[in-house]
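Chain residues, written in single-letter form:
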Amino acid sequence: LDEGGASLFEVTVHMTEAGESQVGAIGECLFSYIRLLQQCPVSEELWRETQSIQEMNFRFRSVMQPMGVVTSLASAMQDDLPVDKVLSGPSKLWELDKAEISEVAGMLTCARLRLVLAMKSFSEEKECPESERWYGTKYGAGALPEEWHKAWERSRLGDVGGGAGAAAEAAAQLGLALPMKNPFVAEDLELKPQPAEGVLKYPVKTDASSIGISNSILQVYFRQDDTFNLPKAHLLTTFYSPWVGESAENRTKAWVWATAVAEELNEFSYDAEAAGLSYRLTQTSRGMSVTVGGYHDKIPVLLRAVVEKMLAMTEVSEHTWNIVHTVLLRSLKNAAEKRDPLGQASEWQQRLVWQHAVTAAEKLEIFKTLTRESIQGVSSKIFERCYVEALLQGNLMDPGPVAEAMGAALRPAASVGGSLPSLCAARLPGTEDSSWPPGGCVLLRRRGTNPEEKNGAVIVTLQAADETLENLLRCQLAEQVLKQRCFDELRTKQNLGYIVHCVSCAHELGGAGSCGLQVMVQSETHPAEVHRRIRVWLSAALVELEKEADDNLEKYLKALLVQYQDRPKNLASEVSRNWSAVSSRSFRFTRRAEAIAFLQRDPAELLSEFRTFVRESLVHAPRIAVEVLAAQHDDAPLPRREEEAGDENGGGEGDGGGEIVVVLESVGDIEAFRKRVTWRKSPATIET
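Computed from a prediction, not measured in an experiment: that's the story for all the values here.

Participant: Please explain the sheet that holds strand 10 (residues 387-394) as it appears in this structure.
Facilitator: Note: strands within a sheet are paired through backbone hydrogen bonds, in either parallel or antiparallel orientation. The strand order across the open sheet formed by six strands is 5-6-10-7-9-8, and the pairing between neighbours is mixed. Only two strands of the sheet have a single partner each, and these edge strands are strand 5 (204-205) and strand 8 (278-284). Where strand 8 lies against strand 9 (residues 287-295), seven bridges are found, and the strand directions are antiparallel. Counterpart to Thr284 in the pairing with strand 9 is Gly287.

Participant: What should I look at first to understand helix 18 (residues 527-546) in this one?
Facilitator: An α-helix turns once per 3.6 residues; consequently, residues spaced three or four apart project the same way. Spanning 20 residues, helix 18 covers 28 Å between terminal C-alpha atoms, matching the ideal 28 Å at 1.5 Å per step. Burial analysis of helix 18 places 15 of its 20 residues in the buried class, the great majority of the element.

Participant: Please explain the packing of helix 17 (residues 469-493) against helix 19 (residues 550-565) as it appears in this structure.
Facilitator: Helices that pack against each other are described as a pair by the angle of their axes relative to one another and the distance between those axes. Close contact between helix 17 and helix 19 brings their axes to 10 Å; oriented N to C, the two are set at 115°. Taken together, the axis directions place helix 17 and helix 19 in an arrangement best described as roughly perpendicular. Between helix 17 and helix 19 lies a crossing of right-handed hand. Every residue of helix 19 that contacts helix 17 at Leu473, Gln476, Leu477, Gln480, Val481 and Arg485 is listed here: Asn552, Leu553, Tyr556, Leu557, Ala559, Leu560, Gln563 and Tyr564.

Participant: I'm lost on the packing of aromatic side chains in this one. Help?
Facilitator: The description of an aromatic ring pair uses the distance of the two centres, along with the angle that the planes make with each other. Summed over all chains, the structure comprises nine aromatic pairs. With 5.6 Å between their ring centres and 15° between their planes, Trp148 and Trp152 make a pair best called stacked. Placement of both Trp148 and Trp152 in helix 5 (residues 146-157) is noted, with a separation of four residues, approximately one turn of the helix. Classification of Trp148 by relative accessible area gives partly exposed; the value is 22%. Put simply, the rings of Phe31, Trp148 and Trp152 touch in pairs and so form one group of aromatic residues. Residue placement shows Lys232 over the ring face of Tyr295; its charged tip is 5.4 Å from the ring centre.

Participant: Would you mind going over helix 11 (residues 318-337) with me for this structure?
Facilitator: Between its first and last C-alpha, helix 11 extends 28 Å over 20 residues, near the 28 Å set by a 1.5 Å rise per residue. Listed in full, the buried residues belonging to helix 11 are Thr320, Trp321, Val324, Leu328, Leu332, Ala335 and Ala336. Buried residues in helix 11, looked at end-on, bunch into an arc of 95°, giving them a common side. Against helix 8 (248-264), helix 13 (360-369) and helix 14 (372-375) lie the buried residues of helix 11.

Participant: Quick question: what am I supposed to make of the confidence of the model for the protein here?
Facilitator: When pLDDT drops low, the exact placement of atoms in the prediction is not to be read closely. In the predicted model, the protein carries a mean pLDDT of 91, and the fraction of residues at 70 or more is 95%. Of the regions scoring below 50 in pLDDT, residues 640-656 engages in 26 contacts with residues more than four places distant in sequence or in other chains.

Conventions adopted
Residues numbered from 1 in each chain as written. Predicted model: local features only at pLDDT ≥ 70, side-chain atom pairs only at ≥ 80, totals over all residues. Heavy atoms only, no water. Pairing = 2+ DSSP bridges. Helix = DSSP H or I, 4+ residues; strand = E, 2+ residues; numbered from the N terminus. Expected span 1.5 Å × (residues − 1). Buried < 20%, exposed > 50% of the residue type's maximum accessible area, 1.4 Å probe, protein only. Axes fitted to C-alpha atoms, helices over the stretch in contact; angles between N-to-C directions. Parallel < 35°, antiparallel > 145°, perpendicular 65-115°, else oblique. Left-handed = near helix turned anticlockwise from the far one by under 90°. Contact = heavy atoms within 4.5 Å. Phe/Tyr/Trp six-rings, centres within 6.5 Å; stacked < 30°, edge-to-face > 60°. Lys NZ or Arg CZ within 6 Å of the ring centre and 35° of its normal. Arc of directions from axis to C-beta. pLDDT = per-residue confidence, 0-100.

Shown next, in the form of structure tokens:
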């Protein structure tokens, strides 16, 4: 890290609570490794490998965002580099100089060390008595403890005359060694020839039976890249498991198991990342997700390593369990107790709307009941009956090698049958329900979990219509018009808080859910008052939106069209667009093209339909409002519509909805209300 003319070598260690008392031992490990660097000969083979990787990464890097390019160029131009090296200079290794490398390694001593410690256990009185002058942050500073200094220097120097062999032996006792040859460095960087008839525009489903796997167990959508011309590829997969979808307890077990697998995969992570590859393993509400990307040549190698580890993890070792349990327990406690108010409001909104959603507090209670033994056998339960959908795009002629890498996990698996568990989202009663007033609102009010947090939060969601492409585009056009007006009114004029957003929203159930608008505010003002002001502003804004002049609406319409016409800047962006069609199980890869065609229709016709949508769907849309109260907020009485009628900011022409029909204040209230709603389900049929 270069800072102000000085070159800094940084090592960052994230500690568990137990690790906070072991800083001395951590330092001894670090300086034992530094001893290796200082006393072992510089490895030309390792240097050449690193040079090759950096050359590849520079030559084949994806298009960067303009701001990042400008910033990096400005920095490079201040380093006195030749003009022809401004781009490549900071990114590549040029000449091997073993003497200089040894000289720099020799500078890594305690005398040149700056140690920064950040621990929750520190107290302001003892460890952090000073205050920095700008923000008043408490800190402490002083000399490195003599005990640590002596121990770390002993680890660095070793026995007099010990040499490289003694350094390697001492490091080995701590499980440390210099890097071996990286197995993930790409060797094949050639661009694959394209079919004579050309590449199809969208991914197509391939036949998995060619590798001995039933199409009822694996379906791969594939597209060879013909745009970015880089030797790279991306694979995104979802492993659907009925067992995971059965209960919140099973989903929590799968989450813990996936984290344990990721922990043990750390042995590959550095080499893979250094070689330009990436991978991710996560738990989903219905199974697992595995993502691999980078140079196409080694994607099957990395994927095979990940899959083999997933299969082998039938048991979680005590060492891995202790690490994972500590990290996840801390994460869940922070999510349950310290999450920001807007995050808590979003969590409760999902708890109400999504059938399988649980809060962080509920997940924490489940997690506390788990033991290492209860995680054993999770991999078998996931893979004994599963179904995988995958998207593969990049510099490949066919998906065979990558699909084959998944074969070890899938060949023994049994089919889940003809359908999958669905994602289910709640649809509120609308105009079809005579007992539900137009724009009727479900209010969910909860006390925030962080007693030190001064802000509350409100999220108001309008469920306007079915999430057809046409309705979603109309909601997005409404967002284009209203988002800045919302900020100007609620943030700038009324000064409710720094976080104010108005966005379009959709369940994304492959066309089966709902879409609408969402307004979010985080503020120190009482949430009941914030909710009232949102309701008043939104009601008036929607009435004004219907009356908006054509020429003004056309500007927003063109802006929305430009967004859809924007081409992906790199392969990852294109893959992400296509993956949304697979993950939602709509498989509608033409969706963006259809949106462009819809937005290019006659503006007069479009705007006439838009005004009808605003008047008939948005103005009187049923709503969900979530209020999260901060510690200082009292349990204010709910505002009554008759009280608001004479308010200078309420009533009148803009009063298009928001009457509170149901008030929910507990999990029991939520469960009772969920029995009243209609559940919309995502596509579940497996087409073989």
